[in-house]
Amino acid sequence: MRIRRILAAVFATAALAGLGLTGAATATASVTPASVTPASVTPGECTDGGGTIDRSTPVLPTCRGGMYNGQTVD
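Residues numbered from 1 in each chain as written. Predicted model: local features only at pLDDT ≥ 70, side-chain atom pairs only at ≥ 80, totals over all residues. Heavy atoms only, no water.

Per the counting criterion, the structure on display carries one salt bridge. The salt bridge partner of D54 is R64, with a shortest N-O separation of 3.3 Å. Here D54, found in strand β2 (residues 52-54), pairs with R64, found in strand β3 (residues 62-64); they are ten residues apart in sequence, far enough to count as distant. Taking relative accessible area as the criterion, R64 reaches 37% and is therefore assigned partly exposed. (Salt bridge = Lys/Arg side-chain N within 4 Å of Asp/Glu carboxyl O. Helix = DSSP H or I, 4+ residues; strand = E, 2+ residues; numbered from the N terminus. Buried < 20%, exposed > 50% of the residue type's maximum accessible area, 1.4 Å probe, protein only.)

Our next topic: the state of the cysteines. Using the criterion set out here, one finds one disulfide in the structure. Across the disulfide, C46 is cross-linked to C63 (sulfur-sulfur distance 2.1 Å). Every disulfide takes its handedness from the sign of the S-S torsion; for C46 and C63 that torsion is 90 degrees, giving right-handed. Here the residue C46 occupies a position in helix α2 (residues 43-48), and C63 occupies one in strand β3, the gap between them amounting to 17 residues. Note on accessibility: C46 and C63 belong to one class, buried. (Disulfide = S-S within 2.5 Å.)

Nothing here speaks to function; it is geometry throughout.
Right under this line is the structure:
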């Protein structure tokens, strides 16, 4: 009788621990908005990120080099 109670407690603990691990795994897999690069950056963001502004592009200036390489500059 005592062994059954101990085994039931062990299984319950293992089941709850498993649920906690799967919840943590799904929480870390989500993408946060801060990790997504913006579609366009300001001139200050481009130069602060280590890039230079290329004004020779046809439509909008483009940030070349650095953290925002290839992003349009508004």
